[in-house]
Amino acid sequence: LLLAQNGRYEEAAQQLETAQKSTASFEVFYGLGTVYIELKRYSEAVTAFSEALRIQPNHARTHFLKGQAHATQGDPRAVESLRQAVVLDPSQDPAWEALAEQLFRSRASPEILSLFQGYTERFPQKPMAHLLLGEAWLHQQRLMEAMDEFKRAVTLEPTLARAHVSLGFVYMELGEQE
């Protein structure tokens, strides 16, 4: 793993592949999955993360990384992996954001809305929760609801550029200036 930390991914992959033959541990499979992602060997990363999850099925970060690897390949199984990541650790904004992106791509609008309403109810002080709910409203052409969520995101995190841009877009659509 020290090789991977130093950017020597090919060597790390070789050593981890050798290690997995004698030691089939969570750490080896997880490390192998992360190295494969760095090497853009996404299908192999999915396989390694699947093996890691067979050993530790409730490891949220592994579900997240497996979902990211699926998403990079355009695999719809990304949604389920990312959904599992947020179920296991709902405080992780990157997992929510990745899940939102995949759901938006799959056009699962009703599901998106209820999912992010739950996220904002559970974490009302998280600007990312409000930003993602605003984007869900925007996908449904519900501009006033989107505007309210973007305003909440900006209030909670005034430097969140994505919320400012989204709010500006809504104002343009509504023909307002602010």
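Residues numbered from 1 in each chain as written. Predicted model: local features only at pLDDT ≥ 70, side-chain atom pairs only at ≥ 80, totals over all residues. Heavy atoms only, no water.

In this section: the overall build of the protein. The helix and strand tally for the protein stands at 11 helices and zero strands. Reading the protein from its N end, one meets helices and strands in the order α-α-α-α-α-α-α-α-α-α-α. With respect to the three principal axes, the spread of C-alpha positions in the protein is 65 × 30 × 25 Å. By the burial criterion, 47% of the 178 residues in the protein qualify as buried. (Helix = DSSP H or I, 4+ residues; strand = E, 2+ residues; numbered from the N terminus. Buried < 20%, exposed > 50% of the residue type's maximum accessible area, 1.4 Å probe, protein only.)

Time to look at the packing of aromatic side chains. Tallied over the entire structure, the rule returns six aromatic pairs. Ring centres of phenylalanine 26 and tyrosine 30 lie 5.6 Å apart, and the angle between their planes is 25°; on these two criteria the pair is classed as stacked. Here phenylalanine 26 pairs with tyrosine 30, and both are found in helix H3 (residues 26-38), just four residues apart, close to one helical turn. The same class applies to phenylalanine 26 as to tyrosine 30, namely buried. Geometrically, the ring pair formed by tyrosine 119 and phenylalanine 123 is edge-to-face, given 5.9 Å between the ring centres and 70° between the ring planes. Classification of tyrosine 119 by relative accessible area gives buried; the value is 1%. (Phe/Tyr/Trp six-rings, centres within 6.5 Å; stacked < 30°, edge-to-face > 60°.)

Our focus in this paragraph is unusual backbone geometry. Even without being glycine, lysine 40 reaches a positive phi, approximately 60°. Among the secondary structure elements, lysine 40 is positioned in the loop between H3 and helix H4 (42-55). The residue glutamine 141 is not glycine, and still its phi comes out positive at about 60°. Note that glutamine 141 resides in the loop between helix H9 (127-139) and helix H10 (143-156).

Now for the packing of H3 against H4. In the contact formed by H3 and H4, the axes pass within 8 Å of each other and the chain directions differ by 160°. Classed by the angle they form, the pair H3 and H4 counts as roughly antiparallel. Crossing hand, H3 versus H4: left-handed. Residues Phe26, Phe29, Tyr30, Leu32, Gly33, Thr34, Tyr36 and Ile37 of H3 lie in contact with H4, whose contacting residues are Tyr42, Glu44, Ala45, Ala48, Phe49, Glu51, Ala52 and Ile55. A class-by-class count of the residues in the contact of H3 with H4 yields 12 nonpolar, two polar and two charged. (Axes fitted to C-alpha atoms, helices over the stretch in contact; angles between N-to-C directions. Parallel < 35°, antiparallel > 145°, perpendicular 65-115°, else oblique. Left-handed = near helix turned anticlockwise from the far one by under 90°. Contact = heavy atoms within 4.5 Å. Nonpolar A, V, L, I, M, F, W, Y, C, P; charged D, E, K, R; others polar.)

By secondary structure assignment, the location of alanine 95 is in helix H7 (residues 93-106). Considering only alpha carbons, one finds alanine 95 and alanine 60, 35 residues apart in sequence, at a separation of 9.1 Å. When near neighbours in sequence (up to four residues on either side) are disregarded, alanine 95 contacts Phe64, Ala85 and Val86.

Moving on, we come to the pattern of salt bridges. On inspection of all chains with the given rule, the structure shows 10 salt bridges. A salt bridge links lysine 126 to aspartate 93; the shortest N-O distance between them is 3.1 Å. You can see lysine 126 sitting in the loop between helix H8 (109-122) and H9 and its partner aspartate 93 sitting in helix H7, a full 33 residues away along the chain. The exposure class of aspartate 93 is partly exposed, given its relative accessible area of 21%. By sharing partners, the salt bridges in this structure join Glu17, Arg41 and Glu44 into a single network. (Salt bridge = Lys/Arg side-chain N within 4 Å of Asp/Glu carboxyl O.)

Another aspect to go through is the side chain of serine 81. With respect to the helices, strands and loops of the structure, serine 81 is situated in helix H6 (residues 77-88). Filtering out sequence-adjacent residues up to four positions away, serine 81 remains in contact with His63, Phe64, Lys66, Gly67 and His70.

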